[in-house]
Amino acid sequence: MSAKKAPSIAETHVAADGIPRLGLSVQEAAMAAGLSLRFMWDEIKNGKVRTKRAGRRVIVTVAALNEYLNAKN
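## A word on helix α3 (residues 37-45)
Turning to α3, its buried residues number three or more, namely Met40, Glu43 and Ile44. All buried residues of α3 lie within an arc of 100° about the axis, which places them on one face of the element. Away from the buried face of α3 by more than 90 degrees, exposed residues Arg38 and Lys45 are located. Buried positions along α3 lie against α2 (26-33), β3 (57-61) and α4 (62-70). Where α3 terminates, the next one or two residues include Gly47, which has phi positive at roughly 80°.

Right, here's the structure in full:
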């Protein structure tokens with residue numbers, strides 16, 4: 001019996017048109033990682049989660065979130 005691999009964040013965040021999303025809001029990133037919104041903002045403030053800005057929006061790329069989750073702290 002083989003264990004099923006959990007889907008990656010990129011596989012679980014797909015737009016309605018079927019195109020995978022490359023960026024998430026901070027709230028979406030926190031939900032995807034199973035973290036509170038406050039903790040996610042703290043990790044961003046402390047430089048542990050890299051973000052991009054689009055005007056006033058703060059975007060966490062799927063790659064940055066995967067990097068954070070796979071980091072050995």
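## Re α2
All of the buried residues in α2 are Val26, Ala29 and Ala30. The arc that holds the buried residues of α2, viewed along the axis, is 100°, so those residues lie on one side. Its buried side turned inward, α2 meets β1 (23-25), α3, β3 and α4. A positive backbone phi angle near 75° is found at Gly34, which sits one or two residues after α2.

Analysis parameters
Residues numbered from 1 in each chain as written. Predicted model: local features only at pLDDT ≥ 70, side-chain atom pairs only at ≥ 80, totals over all residues. Heavy atoms only, no water. Buried < 20%, exposed > 50% of the residue type's maximum accessible area, 1.4 Å probe, protein only. Helix = DSSP H or I, 4+ residues; strand = E, 2+ residues; numbered from the N terminus. Arc of directions from axis to C-beta. Contact = heavy atoms within 4.5 Å.

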